[in-house]
Amino acid sequence: MSGASGAVVRRVATAALLIAAGNIASRLIGVVREAVIAGLFGRGADVAAFTAASAVPTIVYDLLVNGAISAALVPVFSAYAEEDETAFWRVAATVINLALGSIALTVGFLIWQTPTVVMLLAGGFEPELRELTIVMTRLLLPSVFFMGLSGLITALLYARQRFLLPAFTTSIFNLGIILGAVLLQAWLGPLSLVVGVLLGSVLQVALQLPGLRDATHVPFLTFDLAHPGVRRILALYAPVALGIGFSIAGIVIDRNLASRLTPDAIPTMRYATALIQFPLGLVAAAVSFAVLPTLSRQASAGDEAAFRVTLAMGIKVVLLLILPATAALAALGAPVVALLYQRGAFGGEDTQATARALLLYLPGLPAAALDQMILFAFYARQRTLTPNLVQGAAILIYAATALPLLMWTPLGVAALILANSAQWIGHALILYLLSQRLVDLGGLRIGETFWKCLIACIALFCVAWWLGNALAFAGPLAVLLGAGGLGTLTYAGVCWALRVEALDFLIITLRQRGFFPTA
């Protein structure tokens, strides 16, 4: 390996490590955030109002900025950063002005039309709760400006190979919410969460500004929509915007249906979803650290054979990690919920309701994790339209599941959770079938890995469930340490005995990164 290529590999590995570390930190702090909210507000109507209201700025940010970062901004910014510094800042300034101007117009319009927006998202709320949601939404919308600016700075820093500060923006955002809730809840009640969001969005910008220390000659007043770089960004972003539009439609349908159930429906879904997102984040971090840098280089070099093998290994690593997480949550869901949430305003009945919701989300967890790897295969081939059209089909699957269950069964919130699981599974299956036209994964022993990991998961579940019941008298922490620890060792042991290829690959990768001593 030449010195130049070795430097590139080290840079990519370092970037992957920082992004993975930031992902893990943000997921951990995100769980703490939810635990704080649960302890202060329980599953009450205030959490329902905040969840509905906070969806509005998130939707605007995702549509106008976040969706463009990886699909359009970073690729184009990176190309200009390596070739032409003047053109880089000209394109960057135009995009920043365009994005912030669009955000300002959108936020102004939504503040004016907040009652209509809240009716779309939470039309089933009682009038008093709806009014609280309107107030929260109007107060939260200015945060989009800072969230958008933070996202744009992230894209600029990624393009300039600066990964440390952007890796921890989500962590600092979550810390802002935690601080707002803990310090101000006694005086502001649920509005303390709103202050926390505003604080977190400002901190995101402040954290990253030092990374732009050399941006001393930026043409801030530039607005060159005819520039080829700007036109390229808009062209790349268009299919992603379509997919985000479908996602927004799904969020609106889901929230609106949930608002027509009991007031604790939305908080229950929120807390259970946070627990689903945690293993998803850890798996994404592990895969991005172990597989995606190599996959990216192979896609750029056009090495189809190597890309095929690496993509298959990425899927195997996902199976190795997400299946035991699913089995462990199925066996120990109630102790996990109790340990994280059961304090203050969150009681035993809340724990049981959230644990039941978590159990219904679990069938979709492996599908959601595998979806990320398959999606990357499309993006690596610059096929952005197909996966975003699949998102539209997935929303139809959600509606076709949720509406009949709500109308013809007494399931209530369980109907919406099952519909979410069906949506994730449907999306993954459709995307996998379509991916076969892009890359042939046959003969790479993915099915073998699945069945071996499934056998190990059955062993994990049996051990964890039996020991969890035996240790129930000792409290949730003892259950998780004892049953969870022995279950994990059982899973690892069975995988080792069955010679699961992905386990060897992951251990070798960690050794190469210095996590384990070499033999």
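That block above? That's the structure.
What counts as what
Residues numbered from 1 in each chain as written. Predicted model: local features only at pLDDT ≥ 70, side-chain atom pairs only at ≥ 80, totals over all residues. Heavy atoms only, no water. Helix = DSSP H or I, 4+ residues; strand = E, 2+ residues; numbered from the N terminus. Buried < 20%, exposed > 50% of the residue type's maximum accessible area, 1.4 Å probe, protein only. Contact = heavy atoms within 4.5 Å. Core = buried A, V, L, I, M, F, W, Y, C linked by side-chain atoms within 4.5 Å. Salt bridge = Lys/Arg side-chain N within 4 Å of Asp/Glu carboxyl O. Expected span 1.5 Å × (residues − 1). Axes fitted to C-alpha atoms, helices over the stretch in contact; angles between N-to-C directions. Parallel < 35°, antiparallel > 145°, perpendicular 65-115°, else oblique. Left-handed = near helix turned anticlockwise from the far one by under 90°. Patch = residues over 30% accessible without salt bridge, like charges linked within 9 Å, V, L, I, M, F, W, Y side chains within 5 Å. Areas by Shrake-Rupley, 256 points an atom, 1.4 Å probe, with all protein chains shown as cover. Phe/Tyr/Trp six-rings, centres within 6.5 Å; stacked < 30°, edge-to-face > 60°. Polar contact = N/O pair within 3.5 Å; in protein donor to acceptor, adjacent residues only side chain to side chain.

Chemist: Is there a simple way to explain the overall build of the chain in this structure?
Modeler: The number of helices and strands found in the chain is 19 helices and zero strands. Reported as C-alpha extents along the three principal axes, the dimensions of the chain are approximately 65 × 60 × 40 Å. Counting every position in the chain, which comprises 519 residues, the buried fraction comes to 50%. Taking the contacts inside the chain whose residues are at least 6 apart along the sequence as the reference set, 83% of them involve residues at least 24 apart.

Chemist: Explain the side chain of T351 here, please?
Modeler: If you trace the backbone, T351 turns up in helix 13 (residues 348-361). Since its relative accessible area comes to 2%, T351 is described here as buried.

Chemist: Which parts of the structure should I look at to understand the nonpolar core?
Modeler: One broad trend across soluble globular proteins is that nonpolar side chains are buried collectively. In this structure, I276, L311, L320, Y341, L358, L441 and Y491 are the most contacted members of the largest nonpolar core, which totals 97 residues. Ranked by residue count, the leading element in this core is helix 12 (residues 304-341), at 18 residues. Dropping the residues within four chain positions of it, Y341 is found in contact with E34, A35, A38, Y271, A274, L275, F346 and T354. Counting residues in hydrophobic clusters, the runner-up holds 51 residues, among them A93, I96, A159 and I233.

Chemist: Whenever I open this one, the pattern of salt bridges confuses me. Can you help?
Modeler: Side chains that carry opposite charge are capable of pairing whenever their charged atoms lie near each other. Inspection of every chain in the model, using the stated rule, returns nine salt bridges. Between R43 and D264 there is a salt bridge, with the nearest N and O atoms lying 3.4 Å from each other. Of this pair, R43 sits in the loop between helix 1 (3-41) and helix 2 (45-83) while D264 is found in the loop between helix 9 (228-259) and helix 10 (265-290), placing the two residues 221 residues apart along the sequence. Judged by its relative accessible area of 26%, D264 is partly exposed. For D254, the salt bridge is made with R255, and the minimal N-O distance between the two is 3.5 Å. Within this structure, R33, E34 and R270 form a network of salt bridges that share partners.

Chemist: How do you make sense of helix 5 (residues 127-140) when you look at a structure like this?
Modeler: Note on helix geometry: an α-helix contains 3.6 residues per turn, so any two residues three or four positions apart are oriented the same way. The end-to-end C-alpha distance of helix 5, which contains 14 residues, comes to 20 Å, matching closely the 20 Å that a straight helix rising 1.5 Å per residue would cover. Among the residues making up helix 5, those that are buried are L129, T133, I134, M136, T137 and L140. Looking at the packing, one finds that the buried side of helix 5 touches helix 2, helix 4 (114-122), helix 6 (143-159) and helix 8 (191-208).

Chemist: How should the packing of helix 12 against helix 14 (residues 365-380) be read in this particular structure?
Modeler: Axis angle and axis distance: for two packed helices, these are the angle between their axes and the distance between the axes, and together they describe the pair. Remark: helix 12 packs on helix 14, axes separated minimally by 8 Å, with the N-to-C direction vectors making an angle of 160 degrees. What the angle tells us is that helix 12 and helix 14 run roughly antiparallel. Along this stretch, helix 12 crosses helix 14, giving a crossing that reads as right-handed. Side by side, helix 12 and helix 14 meet where F307, L311, G314, I315, V318, L319, I322, L323, T326 and L329 of the first sit next to L365, P366, A369, L370, M373, A377 and A380 of the second.

Chemist: Even after reading the chapter, I still don't get a nonpolar patch on the surface, so can you show me in this structure?
Modeler: Residues L40, L179, V182, L183 and L199 make up a contiguous nonpolar surface patch of roughly 410 Å² in combined accessible area. When residues of the nonpolar patch are assigned to their parent elements, the largest contribution, three residues, is made by helix 7 (residues 169-188). Note on placement: L179 falls in helix 7. Residue classification places L179 among the partly exposed positions, given a relative accessible area of 42%.

Chemist: What is the right way to look at the packing of aromatic side chains in this model?
Modeler: Two aromatic rings are characterised by how far apart their centres lie and by the angle between their planes. Under the definition given, this model contains ten aromatic pairs. Plain terms: the ring middles of Y271 and Y341 are 5.2 Å apart, the flat faces sit at 50 degrees to each other, and that makes the pair tilted. Here Y271, found in helix 10, pairs with Y341, found in helix 12; they are 70 residues apart in sequence, far enough to count as distant. Across the pair, exposure class does not vary: Y271 and Y341 are buried alike. Chaining the aromatic ring pairs together yields one cluster made of F77, F88 and W89.

Chemist: Explanation requested: the side chain of R43 in the structure shown.
Modeler: A relative accessible area of 11% means that R43 is categorised as buried. At a separation of 2.7 Å, a polar atom in the side chain of R43 contacts the side chain of T268. Beyond its immediate sequence surroundings of up to four residues, R43 is in contact with P263, D264, P267, T268, Y271, F346, E349, D350, A353 and T354.

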